[in-house]
Amino acid sequence: MSTTIAVFTRDLRIHDNPMLAAASRDTDHVVPLFVRDHRIGASRFAAGRLRFLDESLADLDTSLRAKGGRLVLREGSPVEEICRVATATDATRVHIAGDVSAFAKAREAELAGALGRRELVVHHDVHTVVPPGALRPQSRDHFAVFSAYHRRWSDHGWRGLQPAPERITLPKIQLGDVPKAKGHGGETAGRCRADAWLHADVQHYVDQHDVLAADRTSRLSPYLHLGCVSALELARRAGKSAGAEAFVRQLAWRDFHHQVLAARPDAAHRDYRHRGDRWRDDKNALQAWQEGRTGIPIVDAGMRQLRAEGWMHNRARLITGSFLTKTLYLDWRAGAEHFFTWLLDGDVVNNCLNWQWVAGTGTDSRPNRVLNPLLQAERYDPDGEYVRRYVPELSHVDDKQVHRPWRLPAAERRGYPAPIVDLADGRARFLAARGK
Ligand code: FAD
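Quick caveat, the model's predicted, so the values are computed rather than measured.

Undergrad: Please clarify how the overall build of the chain should be interpreted in this entry.
TA: The helix and strand tally for the chain stands at 19 helices and five strands. Computed over C-alpha atoms, the radius of gyration of the chain comes to 23 Å, within 12% of the 22 Å expected from 2.2 N^0.38 for 436 residues, which places it in the range of a compact globule. For the chain, the C-alpha atoms occupy an extent of roughly 80 × 45 × 45 Å along the three principal directions. The proportion of buried residues among the 436 residues of the chain is 55%. Counting only contacts in the chain whose residues sit at least 6 apart along the sequence, the fraction spanning at least 24 positions is 79%.

Here you go:
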């Protein structure tokens, strides 16, 4: 009797999962295994993030049961636990998705060594539409400019979709404590959202994706982050409308960041392009930003949406990120850390590289651009609906005043704070620091 192990990481799905499909082929028994890594401290994450993971694991277990299998759960060091399961079941092969962070690469290398005579099969086509490293410019190991990458990405062929395995047969094994949580997380909910999005909403994406109050982006990011839905399947199913093309372009951005981090894993914490910044250390300003009390309504609305929903609209991420790094001139790492704690979709790849893009230390070709939050507010929240939704102190204020409440008499501000910075001064300080 032959046994293989399918190690799930952030690919918590049975549909279009090349890792699971390969592990279930030509074998008698499969162990679908997830190891909670004890080094990833739970205290680092907001409760919503942990719940989303539990819900996704519970849902994966349900899907595997429907195929005759179960999810096997372990807690501890992934390498030790995988080896222990391999020994207990006498598995000949272990399958795992390849990933791009330094952390994942180190785990993979350690696992390859620890498995000894057992074979480790690493699948590089699980997380992205086009595998990181599949596309290279002539003279470098990765693309540093999105537009050039996107051209090549669009011309590159995509692999076919992998069906879910028909049947999964477990060997005799102790299952472990799979969570029972139910909610919005997981493949079933993710596929429902994807179906509804691709069927009805994607066509509005091209002209609505930047309208803050409309909230008409896909909100698929938490599912993409944990791999509950396949990026490739979304790209394949999106269709050809202008909205679909704009949406698929965002998936290309996701792939772009993956290939940057694959080539430069230290970009998770070190400037991709160092600009000689000497970021300010201002704990009060950082705290006001984190708590949504900066006195700039559009910034505070975004920061409060983050805490309330574990998600923030992309336009608000750009505005709040630019405000932190370029108006307050605080280190992008502090912003990334805070987002990482709260975002359901918070991942090393997209979070760090988007933060670097916003801070002008990443791949933005205009690294010194400073978004003016008032102009952004007037453009992307023209009637103030987004601000009124997330900043209750201002819910009674009309469209004209809501983005500039400092002009109101104190009683009408209902305790909403005065701005912690003069926007023009902040901008001037940043440009001077950058030598502009
Ligand atoms: P949609 O607009 O519907 O886009 C579809 C998918 O494309 C998204 O789910 C996402 O997977 C991908 N995508 C969209 N925009 C980007 C982008 N700029 N870069 C890479 N992929 C993108 N996204 C994350 O998934 N995780 C993060 O931790 C994260 N941190 C960010 C931090 C900052 C400062 C900024 C400016 C952006 C960040 N983003 C991050 C990118 C983007 O804001 C989110 O992916 C998007 O808002 C998620 O909402 P959606 O699923 O409705 O996106």
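More follows now that the structure is in view.
Undergrad: Honestly, the sheet that holds strand E5 (residues 119-123) in this entry has me stumped. Any pointers?
TA: Working definition: the strands of a sheet are paired by backbone hydrogen bonds and lie parallel or antiparallel to each other. Pairing is parallel in the open sheet, where five strands are placed in the order E3-E2-E1-E4-E5. Among the strands making up the open sheet, the edge pair consists of strand E3 (72-76) and E5. Across this sheet, the average inter-strand angle for adjacent strands is 25°, counted without regard to direction. Packing of helix H2 (residues 47-66) onto the sheet brings it into contact with strand E1 (3-8), strand E2 (29-37) and E3, and relative to E2 it is tilted by some 175°. Of the strands in this sheet, E1, E2, E3 and strand E4 (93-97) touch helix H3 (residues 78-89), which is tilted by about 155° from E2.

Undergrad: Whenever I open this one, the domain arrangement of the chain confuses me. Can you help?
TA: Interfaces are often sized by the accessible area lost when the parts come together. Segmenting the chain into domains produces domain 1 (3-126), domain 2 (187-263) and domain 3 (283-433). On a C-alpha basis, the centres of domain 1 and domain 3 stand 38 Å from each other. If you look at the interface, domain 1 gives eight residues, while domain 3 gives nine residues. Per-residue buried area on domain 1 facing domain 3 is highest for Arg44, Ala46 and Arg49; these three make up 64% of the total on that side. Close ionic contact of Arg44 with Glu337 constitutes a salt bridge, the shortest N to O distance being 3.8 Å.

Undergrad: Where do I start with the site of the ligand in this structure?
TA: As a structural note, the neighbourhood of the ligand is formed by 28 residues, with Tyr205, Thr217, Ser218, Arg219 and Asn314 the closest of them. Within the backbone of Leu220, an N or O atom sits 3.1 Å from an oxygen atom of the ligand. Here a nitrogen atom of the ligand sits 3.0 Å away from a polar atom, N or O, in the side chain of Gln250. Here the ligand, which alone exposes 820 Å², has 97% of that area covered by the protein. Broken down by secondary-structure element, the contributors of at least two residues to the shell around the ligand are helix H8 (221-225), helix H10 (242-263), helix H13 (314-327) and helix H15 (348-359). Residue composition of the shell around the ligand, by class: 13 nonpolar, 10 polar and five charged. Of the domains in this structure, domain 2 (187-263) and domain 3 (283-433) are the two that each give at least three residues to the shell around the ligand.

Here is what the cut-offs are and how they apply
Residue numbering note: each chain is counted from 1, following its sequence as written. The predicted origin of the model limits local features to residues at a pLDDT of at least 70 and limits the giving and counting of side-chain atom pairs to 80 or more, whereas totals for whole chains, interfaces and linings rest on all residues. Water and hydrogen atoms play no part in the side-chain values, which are based on all heavy atoms of the structure. Helix and strand assignments come from DSSP, with helices taken as H or I runs of at least 4 residues and strands as E runs of at least 2, each series counted from the N terminus. We take the radius of gyration over the C-alpha atoms and set the globule estimate at 2.2 Å times the residue count to the 0.38 power. Here the term buried applies to any residue with accessible area under 20% of the maximum for its type, exposed to any over 50%, and partly exposed to those in between, with areas from a 1.4 Å probe on protein chains only. In what follows, residue pairs with any heavy atoms lying within 4.5 Å of each other are defined as contacts. DSSP bridges decide pairing: two strands pair if at least two such bridges lie between them. To define axes, lines are fitted to C-alpha atoms, for helices over the stretch in contact only, and angles between the resulting N-to-C directions are given on a 0 to 180 degree scale. Boundary definitions for the domains trace back to an automatic or database domain assignment. Buried area counts how much accessible surface, traced with a 1.4 Å probe, disappears from two parts once they are put together, with both parts' losses summed. Only one rule defines a salt bridge in this text: a Lys or Arg side-chain nitrogen within 4 Å of an Asp or Glu carboxyl oxygen. For each residue, the test is whether any non-hydrogen atom lies within 4 Å of the molecule or strand; if one does, the residue is near. The definition of a polar contact used here is a pair of N or O atoms within 3.5 Å, where within protein one atom must be able to donate a hydrogen and the other to accept one, and adjacent residues in sequence count solely through side-chain atom pairs. The accessible surface values rely on the Shrake-Rupley method and a 1.4 Å probe; as for residues, cover is taken only from the protein chains in view. Amino acids outside the nonpolar list (Ala, Val, Leu, Ile, Met, Phe, Trp, Tyr, Cys, Pro) and the charged list (Asp, Glu, Lys, Arg) are all regarded as polar, and Gly is one of them.

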